[in-house]
Amino acid sequence: MSAFAQETLVGDFSDLKSPLSEEEALVQADLCLQCGGVYATAPCTVACPADVDVPTFIAQIAAGDPGAAALTLFEQNILAASCARVCPVEVLCQASCVMNSQDEAAIEIGRLQRFAADWAYANGVAPRKKAAANGHKVAVIGAGPAGLACAGELAARGYTVTVYDERAEVGGLIRYAIAPFRQHTEPLPAEAVALAGLGVEIKLEAKIDSKKALAEIEKEVEAIFLGIGYGEDVLVKTPGDDLEGVWESLPFIEALKDGNPPQVGRRAAVIGGGNTAMDVAREALRLGAEEVTVLYRRTQAEMPAFYHEYEEALEEGVVFKWLTLPVAFKGENGRLTAVECQPMKLGEPDDSGRRRPEPIEGADFDLPVDTIVKAIGQRPREEFLSLIDGLELEWGRIKINPETGQTTNPKYFAAGDAINGGATAVQAVGGAKVAVAGIEAFVQGEKR
Ligand SMILES: Cc1cc2nc3c(=O)[nH]c(=O)nc-3n(C[C@H](O)[C@H](O)[C@H](O)COP(=O)(O)OP(=O)(O)OC[C@H]3O[C@@H](n4cnc5c(N)ncnc54)[C@H](O)[C@@H]3O)c2cc1C
């Protein structure tokens, strides 16, 4: 365990990427080479799933006009303020910044985006103007980034939009799952107010869970957008699941974000090798665990987590045990005390192309732990999706026409985690924009 983690992290859930001051933003914006132009789009814009015109908004900041910069951002991404906080810029816009090829640090596009978008909200700039009502009605199920982006874009184009979400607050996984050191809740409330300003009606604590409820919505509107994301953690039953101290990742993070931080004890372990596992490990350190171990049944080379997330977790003191499969949780008096681990070796590649982990028999060992969090992935909302006539799924994901976002039931469109199985907020926004164009063509076409 590094001294760094123990001494500086406990209780510190502050932003990993702090906001830029006005002066810092100007200096940073001035460094931008303003790539792109008539003949080629700038690589940072190409890398942005929401098609944000990065050079233009940065030039507007450099010219001392953050309000104009914000409007450039909002034109392409109405959730620019949230995305500025949560986007993995290290693998998107900033990864393609030409400064990298000159051995210079990439322009801090994410922090500049946050500067401009936050400036707009602080100064009462409305993100988008509303077109005159066009008489068309669309429903959106899910108020995560996909649903909110779809609703905002449609409303700005004059559609009457109602959003339904089962939760008490908007934002989907941004609100309930994304690590608090990236985004806690702010600026989601301001983004919801901006949508309301465009006329979007958001019905919260409104779970759509029956054919009857869907039929009522279908009667009211011309198209329905599904931004329902994925559901609960994947079910992996393990002996000892009922012991106190055994968690699934989403309830663990939600408790933390809701102000009921889990008591992790001295030693915590996290199962999984994805970005959620990296987040949970770093959250456990901040909750006071002195030893945090990630248990992954393959090796670092097969880990799906972004490499920079792995590196940052390592730097904070997270320990990684590769080729280790937890097989049972052990406890005393109903409380977790250890996880029994099965060492693995890599065999032939499986369907995913990754080498299949195989057990090394007779080598099991116990790792003492007070808390264990399963961070293995989420499962699709197949029960809900089975209520929609003619809706085809592929591996639990809604099948769409990628050009239009239209599903195999022509009245339904979809984007976000529900179609890609779990990616990023900005990909949900980008997909929602494709679906908006698809909905527009469908609805206007029907009218003719
Ligand atoms: C732990 C974790 C950390 C992550 N960290 C990041 C990160 O740092 N950066 C990043 O970009 N992405 C991150 N992601 C991924 C990102 O959060 C998702 O890709 C994104 O939220 C998907 O948006 P969505 O709108 O498709 O779905 P969601 O955000 O899941 O929203 C779906 C919404 O639909 C609602 N809903 C579902 N079914 C119904 C129904 N029947 N009736 C009414 N409402 C319903 C849900 O309540 C929810 O609010 C993370 C994900 C996880 C799990």
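Quick caveat, the model's predicted, so the values are computed rather than measured.

### Looking at the overall build of the chain
Stage number 1. Secondary structure summary: the chain contains 17 helices and 16 strands in total.
Stage number 2. Here the C-alpha radius of gyration of the chain, 23 Å, is about what a compact globule of 448 residues would show, namely 22 Å.
Stage number 3. Viewed in the frame of its principal axes, the chain has a C-alpha envelope of about 70 × 55 × 45 Å.
Stage number 4. Counting over 448 residues, the chain shows a buried share of 50%.
Stage number 5. A sequence separation of at least 24 residues applies to 71% of the contacts in the chain between residues at least 6 apart.
Stage number 6. On the chain, roughly 20,000 Å² of surface is accessible, and the fraction owed to carbon and sulfur atoms is 50%.
Stage number 7. Across the chain, 41 positive and 66 negative side-chain charges occur, with their mean positions spaced 5 Å apart.

### Here's the deal with the pairing of strand E4 (residues 223–226)
Stage number 1. Burial along E4 is two-sided: Ala223 and Phe225 and Ile224 and Leu226, pointing in opposite directions, are all buried.
Stage number 2. Here strand E1 (residues 137–141) runs beside E4; their pairing, made up of four bridges, is parallel. The residue bridging isoleucine 141 from the neighbouring strand is leucine 226, located in E4.

### Some thoughts on unusual backbone geometry
Only a minority of non-glycine residues have a phi that is not negative, and only a minority of peptide bonds are not trans.
Stage number 1. At the junction of glutamate 186 and proline 187, the peptide bond is cis and its omega measures out at 0° in the coordinates.
Stage number 2. Backbone geometry at glutamate 205 places phi at a positive 50°, although glycine is not the residue there.
Stage number 3. Inspection of the secondary structure assignment puts glutamate 205 in the loop between strand E3 (201–203) and helix H11 (211–220).
Stage number 4. Using a relative accessible area of 62% as the deciding quantity, one classes glutamate 205 as exposed.
Stage number 5. For asparagine 333, which is not a glycine, the phi torsion comes out positive at approximately 50°.
Stage number 6. Of note, asparagine 333 is situated in the loop between strand E9 (324–332) and strand E10 (335–349).

### Quick word on the side chain of threonine 293
Stage number 1. Residue placement: threonine 293 occurs in strand E7 (residues 291–295).
Stage number 2. Residue class for threonine 293 comes out buried when judged on its relative accessible area of 10%.
Stage number 3. For threonine 293, the residues in contact, after removing those within four places along its chain, are Ala268, Ala269, Val270, Val319, Lys321 and Leu367.

### Observations concerning the nonpolar core
Stage number 1. The biggest cluster of nonpolar side chains holds 73 residues, and the ones touching the most others in it are Phe57, Ile58, Ile61, Leu112, Phe225 and Ile439.
Stage number 2. Among the elements that line this core, the one with the most residues is helix H17 (residues 425–447), at 10 residues.
Stage number 3. Lining this core are residues from two domains, each supplying at least three of them: domain 1 (14–122) and domain 2 (137–231 + 379–447).
Stage number 4. Excluding anything up to four places from it in sequence, isoleucine 439 contacts Val138, Cys150, Leu154, Ala223, Phe225 and Phe413.

### Observations concerning the domain arrangement of the chain
Stage number 1. Parsing the chain into structural domains produces domain 1 (14–122), domain 2 (137–231 + 379–447) and domain 3 (246–374).
Stage number 2. Once you take the C-alpha centre of each, domain 1 and domain 2 turn out to be 26 Å apart.
Stage number 3. Every contact between the two is made by 21 residues of domain 1 and, on the other side, 25 residues of domain 2.
Stage number 4. Across the domain 1/domain 2 interface, buried area totals approximately 1,800 Å², and carbon plus sulfur atoms make up 70% of it.
Stage number 5. Looking only at domain 1, the three residues that lose the most surface to domain 2 are Ile78, Leu79 and Val86, adding up to 31% of its buried area.
Stage number 6. Connecting domain 1 to domain 2 are zero salt bridges.
Stage number 7. Connecting domain 1 to domain 2 are five residue pairs in polar contact (both at pLDDT 80 or more).
Stage number 8. Of all the secondary-structure elements, those providing two or more residues to the side of domain 1 that touches domain 2 are helix H5 (66–76) and helix H6 (80–86).
Stage number 9. No other element matches H6, which puts six residues into the side of domain 1 that touches domain 2.
Stage number 10. Here the residues of the side of domain 1 that touches domain 2 sort into 13 nonpolar, four polar and four charged.

### Comments concerning the site of the ligand
Stage number 1. Not every one of the 36 residues close to the ligand is listed here, only the nearest: Val86, Asp165, Leu173, Ile208 and Asp417.
Stage number 2. Valine 86 is positioned with one of its backbone polar atoms (N or O) 2.7 Å from a nitrogen atom of the ligand.
Stage number 3. Between isoleucine 208 and the ligand, the recorded distance is 2.9 Å, taken from a backbone N or O atom to a nitrogen atom.
Stage number 4. Bound to the protein, the ligand loses 94% of the 1,000 Å² it would expose on its own.
Stage number 5. Within the residue set of the shell around the ligand, elements represented by two or more residues are helix H8 (145–156), helix H12 (249–257), helix H13 (275–286) and H17.
Stage number 6. When grouped by side-chain class, the residues that make up the shell around the ligand number 19 nonpolar, nine polar and eight charged.
Stage number 7. Summarising the domain contributions, the shell around the ligand has at least three residues from each of domain 2 (137–231 + 379–447) and domain 3 (246–374).

What counts, and where the lines are drawn
Residues numbered from 1 in each chain as written. Predicted model: local features only at pLDDT ≥ 70, side-chain atom pairs only at ≥ 80, totals over all residues. Heavy atoms only, no water. Helix = DSSP H or I, 4+ residues; strand = E, 2+ residues; numbered from the N terminus. Rg over C-alpha atoms; globule rule 2.2 N^0.38 Å. Buried < 20%, exposed > 50% of the residue type's maximum accessible area, 1.4 Å probe, protein only. Contact = heavy atoms within 4.5 Å. Areas by Shrake-Rupley, 256 points an atom, 1.4 Å probe, with all protein chains shown as cover. Lys, Arg positive; Asp, Glu negative; His and termini not counted. Charge placed at Lys NZ, Arg CZ, Asp CG, Glu CD. Pairing = 2+ DSSP bridges. Core = buried A, V, L, I, M, F, W, Y, C linked by side-chain atoms within 4.5 Å. Domains from an automatic or database assignment. Buried area = accessible area lost by both parts, 1.4 Å probe. Salt bridge = Lys/Arg side-chain N within 4 Å of Asp/Glu carboxyl O. Polar contact = N/O pair within 3.5 Å; in protein donor to acceptor, adjacent residues only side chain to side chain. Nonpolar A, V, L, I, M, F, W, Y, C, P; charged D, E, K, R; others polar. Near = heavy atom within 4 Å.

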